[in-house]
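Chains, contacts and geometry: an overview
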Amino acid sequence: MLKLLKYFSLAQWIGLIVMLGLIFLQTQITMAIPGQLGTIINAVTDGQRDVIWKSGGIMFALAISEVFVIIIINYLSSHIGSGFAKTLRHKTFEKVQQFSMDEISGFSTASLITRCTNDIQNVQMTITMSLRMLVTAPLMAISAILKILQSDKQLSLITMIALFVLVALIITCVTIVVPKFKHIQKYTDDINMLARENLTGLRVIRAFNTEDEEEEKFDNTNKSLTHTQKVVENVMNLLFPTMNFLNKTLSLVIVWVGSYLIARNTIDIGTVTTFSQYSVHILMSFLTLSMVFVMIPRALVSANRINEVLQTQVKIRSGTGKTPAVADGSITFSDVSFAYPHGDENVLENINLDIKPGETWAFIGSTGSGKSTLINLIPRFFDVSTGKILVDGMDVRDYNLKELRNKIGYISQKTLLFSGSIRENLLDGNPDATEEDMWEALRIAQAKDFVETLDEGLDYNLSQGSTNVSGGQKQRLSIARALIKKPEILIFDDSFSALDFKTDQELRSTLSTLLDSTTTIIVGQRIGTIMNSDRIVVLDDGKIVGMGTHKELLKNCPVYQQIAYSQISKEELDNA
Amino acid sequence: MPRGRVNQVSKARDFKKSFRDLLKYLKAYKWAVLLAVCLIVVGTVLFMLATRLVGDITNELQTASDDERAINFALVTKNALIALSFLITNYVFNYSSFVIMTIVSQNITYRLRKEISEKINRLPLSFYDHESFGDILSRITNDVDITANNLSSVVNQTFQSITMIISAVVLMFTINVPMTFVTFCCIPLSLLIVLLVVRFSQKYFRIQQNALGTVNGKIEEIFTNHTIVKAYNLEPRTMSDFDTSNNELYNAAWKSQFYSGIMNPLFGLVGNLAYITCALMGAFYAIDKVLLIGDVQVFITSVRNFNQPLSNISSISASVQNLMAANERIMDFLGASEEDPEDDKTATIENVKGSVEFDHVVFGYDPNVPIIHDFSAKVTPGQKVAIVGPTGAGKTTLISLLMRFYDIQSGDIRVDGVSIYDMKRSTVRDLFGMVLQDTWLFRGTIRENLTYGKEISDKELEHICKEAKIDHMIKSLPGGYNMELTEDSSISQGQKQLLTIARAMVQNSPMLILDEATSNVDTRTEELIQEAMDRLTVGRTSFVIAHRLSTIKNADLILVLRDGNIVEQGTHAGLLSAGGFYSDLYRSQFENK
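Residues numbered from 1 in each chain as written. Chains lettered and ligands numbered in written order. Predicted model: local features only at pLDDT ≥ 70, side-chain atom pairs only at ≥ 80, totals over all residues. Heavy atoms only, no water.

Some details on the sheet that holds strand S9 (residues 489–493) of chain A
Residue and element names in this part refer to chain A. Condition: Strand pairing is assigned whenever DSSP identifies at least 2 bridges connecting the two strands. Under the DSSP-based scheme used, a helix requires at least four consecutive residues in state H or I and a strand at least two consecutive residues in state E, with every element numbered from the N terminus. Fitting a line to C-alpha atoms yields each axis, with helices limited to the stretch in contact; the angle taken between N-to-C directions then spans 0 to 180 degrees.
If you trace the 6 strands from one edge of the open sheet to the other, you get S6-S9-S10-S3-S11-S12, paired in mixed fashion. A single partner strand is all that each edge strand has here, and the edge strands are strand S6 (408–411) and strand S12 (543–548). Direction aside, the axes of adjacent strands within the sheet are offset by 15 degrees on average. Note: strand S11 (residues 535–540) against S12, 5 bridges, orientation antiparallel. Each residue of the ladder has a partner; that of Leu-539, found in S12, is Ile-544.

Put into structure tokens, the structure is as follows:
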């Protein structure tokens with residue numbers, strides 16, 4: 001939490017200091033009221049009406065000014081809490097934007113989302129609510145303790161005993177309960193996980209007739225959760241009744257003992273009344289404080305999670321920003337090996353490739369052969385472990401990242417579009433694109449027909465996750481987005497999988513006639529998709545086991561043959 | 001613990017119905033709840049009586065000093081001891097009622113969760129066509145939690161507040177009538193504050209929730225699309241997009257917090273004003289000897305006890321609203337109509353041969369819009385049926401009908417001459433082993449996943465896995481058969497697919513359904529699987545949804561689907577020569593050669 005403090009702005013610090021001053025003022029006002037009440041009671045016994053009027057007036061003034069001060073404090077704390085959350089959200093978001101795939105996979109996307117949403121929300125809640133209590137409660141307690149110590153030692157001693165009982169109880173409760181919170185969190189997560197599992201596996205569960213097993217698993221966790229909840233709540237239930245009991249009993253004992261003191265004339269009725277009010281304040285302050293201490297650890301967990309993100313060093317940064325002499329789209333891999341930062345084994349080993357401008361290269365291989373990893377190295381989503389990759393004859397690590405990526409049109413395996421209109425999504429590819437460019441890109445991507453059938457045309461709004469278009473349509477739109485960029489290099493990461501054979505084939509033939517000068521990289525599973533490429537690279541276990549044209553590979557690459565024969569019958573391959 | 005101040009209030013559509021539903025659950029605990037309520041009422045009354053007794057002690061102190069006589073310590077001690085015993089009783093009663101209500105509400109939430117989890121498995125699959133999983137999950141967690149958190153506190157607070165207000169009013173009336181009426185003046189004042197502040201704070205709260213939703217949505221989308229943001233240099237666009245929403249959130253958030261934060265101080269002010277007025281009036285009455293100081297003390301304490309529950313009303317009513325809305329969402333789910341009961345169905349098949357007959361089947365997900373109009377086909381025992389068609393043509397529909405995930409509107413489906421509608425669903429499903437498109441595995445060991453719902457020895461399991469050529473793969477994983485599968489365990493999609501195939505093999509059902517089973521496995525592995533599959537499918541009727549032509553070609557019967565309809569059926573050669581949709585589909589892949 002403390003590490004996050006540096007994100008407070010100067011204005012927020014000033015606001016914070018002003019707020020602290022006001023809180024101090026507030027406690028003094030609150031503390032002054034019981035004193036006036038005591039004065040009134042004593043004035044009653046002495047029959048001084050003017051004193052009563054005066055004290056009454058002061059009490060009214062105090063009550064009203066107290067509310068004003070509280071409202072100002074509230075105004076400040078709302079601003080500071082929300083403002084701080086805004087800053088944190090901005091900083092975290094900005095940081096994540098800089099992350100490379102490496103950092104992203106280190107945290108996982110889901111976790112980054114929670115950190116940027118729920119965790120920041122938690123910190124904000126704690127700042128607006130607990131911060132004030134955290135300051136008010138001790139100030140209140142100290143002022144009240146000072147007040148009672150001034151008046152009577154014996155009564156003070158009684159109050160201290162009550163306070164001791166309360167603190168002991170709070171500590172006992174917290175030590176019992178806090179470890180259990182973790183269990184509750186775990187059981188709740190399990191409940192959630194089991195229910196989610198049951199829902200996503202509906203068909204399998206029914207097909208296997210295992211409904212009872214699933215319900216039993218759920219029931220076991222449900223029982224544990226319920227049991228732990230009961231224990232925790234019933235321990236926490238002790239706090240408020242005990243607090244009430246102590247408060248009331250303390251007032252009773254003070255009056256009772258006070259009556260003996262009054263008989264000895266060491267004290268008057270007014271003081272006794274005032275005293276019991278102060279002691280109530282002391283007990284209340286400690287209770288509030290204990291609540292803050294229950295809340296803060298949770299916020300601390302959140303604060304740490306945010307801090308982890310903010311402290312992360314981004315590994316992939318822009319290079320010196322040199323510009324290559326030519327820009328024709330050549331790509332060279334020289335002795336490239338790659339291992340994921342936390343993995344032991346090389347995913348790619350000794351890859352050497354020389355891709356000439358305008359060529360179409362395809363990569364094929366089994367799952368885990370490293371073909372997607374290989375192409376992810378070109379736009380520097382990851383950096384090579386050894387060796388180097390040259391684009392237009394220059395090491396990719398020397399480029400300004402923005403410039404490197406401007407050269408590349410990348411179509412991801414999982415189709416990702418943004419919510420918003422088709423037009424906005426296409427403009428992401430090229431902000432200067434004209435209406436004509438858009439239709440042309442859509443035509444090549446075989447998406448023109450379906451966009452034309454939409455009433456809104458280019459202004460058709462895609463939902464989040466683009467659930468309102470089909471998988472194939474999504475894929476074609478993302479291809480159009482890459483095409484409109486008119487890049488030197490096009491990278492298709494298994495981007496034809498959601499298309500039926502016919503569309504796949506039409507798209508590829510249109511592409512090949514249009515993109516003479518564009519270097520094209522295709523990762524594919526279907527032989528049909530890649531068989532016409534200039535070069536096909538066969539990967540197995542991170543190594544190149546074959547390189548050549550379709551026909552060459554059919555003759556001399558056993559891995560390629562195996563893949564091909566499983567998809568197409570031998571006669572057809574021979575005839576092709 | 002109190003849960004926030006004026007918080008998110010969602011309203012139930014039909015408050016009364018939701019309340020009645022909740023009562024049904026409370027009914028099982030009616031004696032416990034009644035006991036808790038009695039304890040609260042009696043405890044609160046004793047608490048107020050203790051206040052009265054403390055006042056009597058002060059009265060004695062004052063009269064003694066006024067009359068200049070010695071204090072009657074016997075009376076003081078007696079009052080103090082009685083008051084103390086009242087306070088102790090109140091303490092015990094109070095805590096007991098908390099404990100009772102906590103146990104009751106926890107038992108109810110346990111039952112709700114259990115019922116939801118059972119309901120999930122009893123609803124027809126068609127229910128899930130229009131319901132998002134997130135929604136159902138939020139019922140099982142959030143809504144049940146809201147019920148748990150609010151139920152006991154609502155009961156406790158409501159009865160405590162009512163008793164407190166009534167006893168305070170009674171005490172105040174017995175002491176002084178004019179002062180009591182002054183106290184009553186703060187009721188309209190408090191109500192006015194509630195109306196004004198709540199209106200503002202709820203308005204901004206709603207705006208804040210919307211803004212928060214937008215910001216969280218943006219974060220989710222942009223983080224998920226990280227690759228694209230990087231590849232297309234979209235950082236400046238996404239950053240400014242985000243900042244705009246972030247600013248909107250800030251503006252709404254501070255206002256919402258500010259307005260909800262001034263509610264309590266304003267209430268406090270009204271209470272304090274009444275308190276001070278009564279203190280002043282009491283003081284003058286005391287000087288005039290109309291009232292004793294102790295009485296005034298009891299009175300102004302009662303003013304506090306009267307005001308405090310009043311200021312709680314808004315938070316209690318918010319709790320009640322939330323409780324009812326949450327309960328309604330739970331009840332909506334629990335009340336959804338289940339699959340038809342089938343206790344009367346007894347048909348079974350001994351020694352399954354595996355002939356399947358579709359007889360004039362008509363089906364539509366929406367009964368008014370049939371997508372399978374009149375489908376008939378006969379599959380003889382041991383045949384391999386391939387279901388082909390473009391994406392979205394409804395290939396899984398046929399499978400769903402066979403498995404009775406959905407019921408047909410008319411016609412019949414028969415296995416070995418027995419209608420699947422004369423059998424229990426579980427009997428039908430036992431006939432088929434299946435591998436689905438999504439590789440669903442649960443958290444647990446690989447062994448548990450493979451022997452899912454089946455008793456089988458480790459040796460047999462290994463034997464089957466060897467046959468499936470997956471034994472080696474499993475043994476190379478950390479922990480082998482005992483490897484714990486979790487959401488983030490590092491096994492690939494292809495490996496998952498292999499596991500689900502092995503799972504289907506373990507089932508050893510008389511017939512097989514493979515739903516695009518091999519689409520996620522790379523082509524080499526696929527071939528290995530194919531061999532094992534072929535061994536497995538020998539003598540078994542099997543239905544395969546496939547993209548791979550080699551699979552399709554070997555099929556005994558091909559069903560060609562388009563837009564949900566079965567447009568053609570026959571063998572590969574027959575369909576090719578017919579020159580219809582299938583031959584189009586087939587040729588399109590190699591057209592350019």
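Here's the deal with a nonpolar patch on the surface
Rules: Patch criteria: residues need more than 30% relative accessible area and no salt bridge. Like-charged residues are merged within 9 Å; nonpolar side chains of Val, Leu, Ile, Met, Phe, Trp and Tyr are merged within 5 Å. All accessible-area figures derive from a Shrake-Rupley calculation using a 1.4 Å probe, and residue coverage is judged against the displayed protein chains alone. The term salt bridge refers to a side-chain nitrogen of Lys or Arg lying within 4 Å of a carboxyl oxygen of Asp or Glu.
Nonpolar side chains collect at one region of the surface, where A:Leu157, A:Ile161, A:Phe164 and A:Val165 lie side by side and expose about 430 Å² of accessible area between them. Tracing the backbone shows A:Leu157 in helix H5 (residues 153–200).

What about the packing of aromatic side chains?
What counts here: Working definition: rings of Phe, Tyr and Trp (its six-membered ring) pair if their centres are within 6.5 Å, and the pair is stacked with planes under 30 degrees apart, edge-to-face with planes over 60 apart, and tilted otherwise. Partly exposed describes any residue whose relative accessible area lies between the buried limit of under 20% and the exposed limit of over 50%, with all areas from a 1.4 Å probe on protein chains only and scaled to the type maximum. Charge over a ring is defined by NZ of Lys or CZ of Arg lying within 6 Å of the ring centre and within 35 degrees of the ring normal.
Scanning the model with the defined rule gives 31 aromatic pairs over all chains in all. Between A:Tyr75 and B:Trp254, the ring centres sit 5.3 Å apart and the planes meet at 80 degrees, which makes this aromatic pair edge-to-face. One end of the pair, A:Tyr75, is in helix H2 (residues 49–98); the other, B:Trp254, is in helix H8 (residues 235–287), on a second chain. Classification of B:Trp254 by relative accessible area gives buried; the value is 14%. Pairwise contacts between aromatic rings join A:Tyr75, B:Phe200, B:Tyr204, B:Trp254, B:Phe258 and B:Tyr259 into one cluster. Over the ring of B:Tyr232 we find A:Arg481; its NZ or CZ atom is 5.1 Å from the centre of that ring. Positioned above the aromatic ring of B:Tyr232, the side-chain terminus of A:Lys485 is 4.4 Å from the ring centre.

Looking at the domain arrangement of chain B
Residues and elements named next belong to chain B. Applied cut-off: Note: domain ranges come from an automatic or database domain assignment. Accessible surface is computed with a 1.4 Å probe, and the buried area is the amount of it that two parts give up when combined, taken over both parts together.
By domain assignment, chain B separates into domain 1 (13–173 + 315–339) and domain 2 (177–290). Distance from the C-alpha centre of domain 1 to the C-alpha centre of domain 2: 25 Å. Interface area for domain 1 against domain 2, summed over the two sides, is near 460 Å², with a carbon-plus-sulfur share of 68%. The largest per-residue losses of area from domain 1 upon contact with domain 2 belong to Asp-66, Met-172 and Phe-173, which jointly make up 82% of the total buried on that side. At the junction of domain 1 with domain 2, the criterion picks out 1 salt bridge.

So, helix H5 (residues 177–184) of chain B
Residue and element names in this part refer to chain B. Our working rule: Summarising the geometry, the arc corresponds to the directions from the helix axis toward the C-beta atoms. The contact definition used throughout considers only heavy atoms, calling two residues in contact when any of these lie within 4.5 Å. Here a polar contact is recorded for every N or O atom pair within 3.5 Å, except that within protein the pair must consist of a potential hydrogen donor and a potential acceptor, and residues adjacent in sequence are included only if both atoms are side-chain atoms.
Regarding H5, the residues found buried are Met-179, Thr-180 and Thr-183. Looking straight down H5, one finds its buried side chains confined to an arc of 105 degrees; they lie on one side. Residues of H5 that are buried make contact with helix H4 (133–175), helix H6 (186–224), H8 and helix H9 (293–335). N-capping of H5 is provided by Asn-176, with a side-chain oxygen placed 3.0 Å from the backbone N of Met-179.

Quick word on the domain arrangement of chain A
Along its sequence, chain A is organised into domain 1 (1–148 + 296–315) and domain 2 (327–407 + 514–576). Distance from the C-alpha centre of domain 1 of chain A to the C-alpha centre of domain 2 of chain A: 57 Å.

Quick word on the pattern of salt bridges
All names here are of chain A. In the structure shown here, the tally under the stated rule is 45 salt bridges over all chains. When the shortest N-O distance is used, the salt bridge between Lys-186 and Asp-190 registers 3.0 Å. Of this pair, Lys-186 and Asp-190 both sit in helix H5, separated by 4 residues, roughly a single helical turn. The exposure class of Lys-186 is partly exposed, given its relative accessible area of 48%. The partner of Glu-440 in a salt bridge is Arg-443, with the nearest N and O atoms 3.2 Å apart. Linking Glu-440 with Arg-443, this pair stays in helix H13 (residues 435–444), spanning 3 residues, or about one helical turn. Of the residues examined, Glu-440 reaches a relative accessible area of 35% and is grouped as partly exposed.

Quick notes on a negative patch on the surface
Convention followed: As used throughout, the charge tally considers Lys and Arg to be positive and Asp and Glu to be negative, leaving His and the chain termini uncounted. Charge placement uses NZ in Lys and CZ in Arg. For Asp and Glu, CG and CD serve respectively.
Judged by side-chain charge, A:Asp212, A:Glu213, A:Glu216 and B:Glu455 come together as a negatively charged surface patch. Summarising the element assignment, A:Glu213 is placed in helix H7 (residues 211–236).

Observations concerning the interface of chain B and chain A
What counts here: Residues are grouped as follows: Ala, Val, Leu, Ile, Met, Phe, Trp, Tyr, Cys and Pro are nonpolar; Asp, Glu, Lys and Arg are charged; all remaining types, including Gly, are polar.
Every contact between the two is made by 144 residues of chain B and, on the other side, 144 residues of chain A. Summing both sides of the interface, chain B and chain A together bury roughly 14000 Å²; the carbon and sulfur share of this comes to 65%. Counting across the chain B and chain A interface gives 5 salt bridges. The residue B:Asp288 makes a salt bridge to A:Arg49 at a minimum N-O spacing of 2.4 Å. At the boundary of chain B with chain A, the tally comes to 44 residue pairs in polar contact (both at pLDDT 80 or more). Top contributing element to the side of chain B that touches chain A by residue count: H8(B), with 30 residues. Taken together, the residues of the side of chain B that touches chain A sort by class into 77 nonpolar, 40 polar and 27 charged.

Considering the confidence of the model for chain B
Residues and elements named next belong to chain B. For the record, the criterion: A residue's pLDDT is the confidence the predictor assigns to it, expressed on a 0 to 100 scale.
The share of residues in chain B with pLDDT of 70 or more is 91%, and the mean pLDDT across the chain is 83. Mean pLDDT in chain B bottoms out at helix H16 (residues 523–537), which sits at 67, and peaks at helix H3 (residues 73–122), which reaches 93. Residue range residues 1–7 is modelled with pLDDT below 50. Its contacts to residues more than four positions away, or to other chains, number 13 contacts.

Comments concerning unusual backbone geometry
With a phi angle near 45 degrees, A:Lys486 is a residue other than glycine that sits in the positive phi range. You can call A:Lys486 exposed: its relative accessible area is 63%. For B:Asp416, which is not glycine, the phi torsion reads 50 degrees and is therefore positive. By the secondary structure assignment, B:Asp416 is in the loop between strand S4 (410–415) and strand S5 (418–419).

Digging into the nonpolar core
Residue and element names in this part refer to chain B. To keep things clear, this is the line we draw: For this analysis, a nonpolar core means a set of buried residues of the types Ala, Val, Leu, Ile, Met, Phe, Trp, Tyr and Cys, connected via side-chain atoms within 4.5 Å.
The biggest cluster of nonpolar side chains holds 210 residues, and the ones touching the most others in it are Phe-358 and Phe-543. If you tally residues by element for this core, the top one is H8, at 19 residues. Ignoring sequence-local partners within four residues, the contact set of Phe-358 consists of Phe-375, Ser-376, Ala-377, Leu-398, Leu-402, Asp-412, Ile-413 and Phe-543.

Quick word on the pairing of strand S10 (residues 541–545) of chain B
All names here are of chain B. Extensive coverage of S10 is indicated by the burial of 5 of its 5 residues. What you see with S10 is no split at all: Thr-541, Phe-543 and Ile-545 on one side and Ser-542 and Val-544 on the other are buried throughout. Inspection of the sheet shows strand S3 (residues 384–388) paired to S10 by 4 bridges, in the parallel sense. Along S10, the bridge assignment pairs Val-385 with Phe-543. Two elements, strand S9 (residues 511–515) and S10, share 5 bridges in a ladder whose sense is parallel. Bridge assignment links Ile-513 to a residue of S10, and that residue is Phe-543.

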